[in-house]
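Tertiary structure, described
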Amino acid sequence: MDGALIAGLPLAATQQAYLHEASQMQALSFAMHIPLVCFGIALPATVLFVEWLHLRTGDPLYRTIAKRWTRIMASLFAVGVITGTILSFEMGMLWPGFMSRFGSVFGLGFAIEGFSFFLEAIFIGVYVYGWDRLSPRAHLLSGLPIVFAGMTGSLMVISVNAWMQHPSGFHISGGHVVDVHPLAALFGNSFLWNELVHMYLAGYLVAGFLLAMPYAIARLRGVWTRYERTAFAIPLTIAAVVAPVQVLIGDWVARDVATTQPTKLAAIEGLARTTRGAPEHLLGWYTDGQVKFGIAIPKLLSLLAFHNPDATVQGLDAVPPSQRPPVNIERISFQLMVAIGTALALLGLWFLLFRWRRGRLPRQRWFYIAAAAAGPLSLVALIAGWVVTEVGRQPWVVYHVMSTSEAVTRASGIPVGYGVLAATYLLVIGAVIWVLRRLAAAPLDTRGDPLPATPGTAASSREA
Amino acid sequence: MHLYDVPVIFVLIGLALYVVLGGADFGAGLWQLATLPAERRGSAAARQRAERIREHAHHAMGPVWEANHVWLIFVLTVTWTAYPEAFGSIASTLAVPLFIAALGVIARGVAYALRSGTDRPAELARIDTVFAISSLLTPFALGAVIGAIVSERVPVGNAAGHLFSSWTGPISILVGALAVAVSAYLAAVYLAADAARAGERDLTETFRTRALFAAAIAGAVAVAGLVVLHGDAHRIYHRLVEGPGLPGLVISVLAGLSTVALVLSRRFDLARVSAALAVAGMIAGWAGAQQPFLLHDLTLRQAAAPHETIVLLLVAIAAGAVILFPSLGLLFSLVLRGRFDRPGETGLSSTPATIADVLRPTRHGLRARLAVGGLLGGIGLLSVAEAPWAHGVGVACLFAAMILGFLAVDPAGLAASEDRNA
């Protein structure tokens, strides 16, 4: 990698006046946007499935559910448009050095992503406002481009992130980026595929558990008509089949990180020195080159990372201290993600096995408590996973090529912007919660939708 | 014309579309702001009228709101891909007005999302106030950004220009004001056309008056802008009134005048076209006057990305346009033909199947076994095997396993069968 040529340059401390604030501001904006992305990925397909059930059976219950979820989808998409717009503003406002030098290499990914976003916005408009106005078949079809755009959009954004993690497709000569091949940079990158699948599944996992959550709470409160059961079972099943697979995909990602970003892996595990047959530490705190108060499991790290208990794992000592990411943030985030992910996978497997053996929904109260908790927990795992990826890339914006302090803006006033954005986003979160609660509280037949007439289902027991 | 000139043309087209479509959107918010005094202090009749204006403004914008605003993303991404150095310089020096515009975008989007959560007049009025204030902020701030570029106050480099004085010069203020006035004008014409189509005569007249009022202000600001340009950015002024910017200027003036005539004679649909033309002329005139410079000391050629990037970007834009324009056409034709105005008949043509048809359990066992098979195959190929091709097949197996697993669980049938089990 030619980037190694400039990697060794010392960075003047005076240049990084607001690096910390700018990074925090960017992290805040990502943390706000990524949960909405999950709904953008998963909700359209889920709603379409329920609408398809309605078309197939004629049962108005499915129509009611699909219409209610459509309103959630529209609201969250509107918020996603703004958080996404803020991110694209921030790319230039906060990281002009990065954009100026590498915009020509990775910008194409965002340009194509812009088109996906566009397609999504157009067809969400058609779909949301087309209920009752288009023929049922045309309406169902108008939802398909939204699902497709969700896929291409994640592909493009992840292609850029994967490039930042594992850059290629250019050379640096005399401080200038030359020999630029954007397609090779974005798509000829082994790192892209595992990161993409991991994030795409995370979308279904998070959206599935969060969408099921209010109905699990309703069950705990004793409201359990066919409406709640259906609206609970569909997203929960999606999350339940995805959760175990996500563990396997996560393992795949980790093996790739072990070979392409060994320093990140060393930080994740708190491995100070390059070690043959490296142990894995659960819990604990990294200080003075070792993990204190952790539970060491011999050779597990080598086994997990390289499928060989005696493999050599590169430690933090392979790079100078200035090029190491913050170890404890990495360790805590990683272990949080893995712990929650494993718990969610077990919950999913338990649900699937129960369904297989008993042929019905579980009746245990603990299951619904766990299902309700799974929503917020999956969100925590999602954010923790992105912290592992992005903080683990530090101090680089383009791995081993450009440091974040070279990329950051020289403008003053970043702390003010950070404070204002944080306050604004707090208000936005409050507003989103308010609107979701309002949508949930709306009576079932707001639009004069016929309710199922079967005794004991939604209509009668809801009124009680 | 060189290849590196082409992306800037798409950027300008995107900008013109954003001004015309997104600007009309912001303008609608401004007219909602204008109803507030009547709603606070007016008589019951005045309040009711004000509420109708607000509702009309919101309703007409609904379906196309998000699509209109993605043009801004298009402008940003094409600029940073094709002219990265210019983008970095502009975004870092003009961080303050861009941040203000971003806050406006946030407030506006949130207000839009919130609106679906309520139909209480008091809450709607409050939400619309947020909506309206952001409608004022964003066009003004983005106009100030353009003004800063026009007046050559953005030097090349990382935040090399002044954080405030770069965008508070007279040209920035005037272009900002012009953006607000043009937005209000476009919205009024659009809403008048919409009201005329719906047969709402008093609303049509209301917005016609407003369109004329906004046109007068926009015209005055534009003339003042020329005077200020003469004093503050002499090079661009001369290239605009005598040089390559002149055709655009002439088109803009003619289209601007004819659009007023069209509004006067109540031909709103044509007026929208000529209003768009006036905006396009203005942007073309600016581009003609400023080229070949993108910034004060940076030409298009110097700022352009390498050849291969430009080629791929243009291919992507062409491919995107092939998908996008028919889709946009579909959306707008549905909106403009009023298909979204009145809920029609739905009902399913085919006889509804009974739930039992979907519940038929015969294939579920098979699906479950196939799902487990896919899972095991996926584990073998992805987690045990080392070859990249095996990983690809393994991921495909896992996806198949998830879909088959979901179908095997049959959540809808599961939820429905509970009544019988209980």
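Residues numbered from 1 in each chain as written. Chains lettered and ligands numbered in written order. Predicted model: local features only at pLDDT ≥ 70, side-chain atom pairs only at ≥ 80, totals over all residues. Heavy atoms only, no water.

1. A closer look at the interface of chain A and chain B
- Contact with chain A, which involves 102 residues of that partner, is made by 98 residues of chain B.
- For the interface between chain A and chain B, the tally reads one salt bridge.
- With a shortest N-O distance of 2.9 Å, Glu123(B) and Arg438(A) are connected by a salt bridge.
- Between the two partners, chain A and chain B, sit eleven residue pairs in polar contact (both at pLDDT 80 or more).
- Listing elements by their share of the side of chain A that touches chain B, those giving two or more residues are helix H2 (19–57), helix H3 (60–94), helix H4 (96–130), helix H6 (182–187), helix H7 (190–220), helix H8 (226–260), helix H11 (327–358) and helix H14 (414–441) of chain A.
- Sort the elements by how many residues they give to the side of chain A that touches chain B and H4(A) lands first, with 24 residues.
- Among the residues making up the side of chain A that touches chain B, the classes are represented as 63 nonpolar, 25 polar and 14 charged. (Contact = heavy atoms within 4.5 Å. Salt bridge = Lys/Arg side-chain N within 4 Å of Asp/Glu carboxyl O. Polar contact = N/O pair within 3.5 Å; in protein donor to acceptor, adjacent residues only side chain to side chain. Helix = DSSP H or I, 4+ residues; strand = E, 2+ residues; numbered from the N terminus. Nonpolar A, V, L, I, M, F, W, Y, C, P; charged D, E, K, R; others polar.)

2. A short note on the domain arrangement of chain B
- Looking at the assigned domains, one finds that chain B contains domain 1 (3–336) and domain 2 (355–421).
- Computed over C-alpha atoms only, the centres of domain 1 of chain B and domain 2 of chain B are separated by 50 Å. (Domains from an automatic or database assignment.)

3. Looking at unusual backbone geometry
- Cis peptide bonds are those with omega within 30 degrees of zero, and the linkage from Gln394(A) to Pro395(A) qualifies with 0°.
- If you trace the backbone, Pro395(A) turns up in the loop between helix H12 (365–391) and strand S9 (396–398).
- The step from Gln291(B) to Pro292(B) runs through a cis peptide bond, and the omega angle for that step is 5°.
- With respect to the helices and strands, the residue Pro292(B) is situated in the loop between helix H11 (268–290) and strand S1 (293–295).

4. Describing a nonpolar patch on the surface
Residues and elements named next belong to chain A.
- There is a patch of nonpolar side chains on the surface, built from Leu282, Leu283, Ile295 and Ile297 and spanning about 340 Å² of accessible area.
- If you trace the backbone, Ile297 turns up in strand S7 (residues 295–297).
- Among the residues examined, Ile297 registers a relative accessible area of 30% and is labelled partly exposed. (Patch = residues over 30% accessible without salt bridge, like charges linked within 9 Å, V, L, I, M, F, W, Y side chains within 5 Å. Areas by Shrake-Rupley, 256 points an atom, 1.4 Å probe, with all protein chains shown as cover. Buried < 20%, exposed > 50% of the residue type's maximum accessible area, 1.4 Å probe, protein only.)

5. Quick word on the packing of helix H7 (residues 170–197) of chain B against helix H8 (residues 201–232) of chain B
Residue and element names in this part refer to chain B.
- Interaxial distance between H7 and H8 falls to 8 Å at its minimum, and their mutual angle equals 160°. Considered as vectors, H7 and H8 are oriented roughly antiparallel to each other. Crossing hand, H7 versus H8: left-handed.
- A per-class count over the contact of H7 with H8 returns 27 nonpolar, two polar and three charged. (Axes fitted to C-alpha atoms, helices over the stretch in contact; angles between N-to-C directions. Parallel < 35°, antiparallel > 145°, perpendicular 65-115°, else oblique. Left-handed = near helix turned anticlockwise from the far one by under 90°.)

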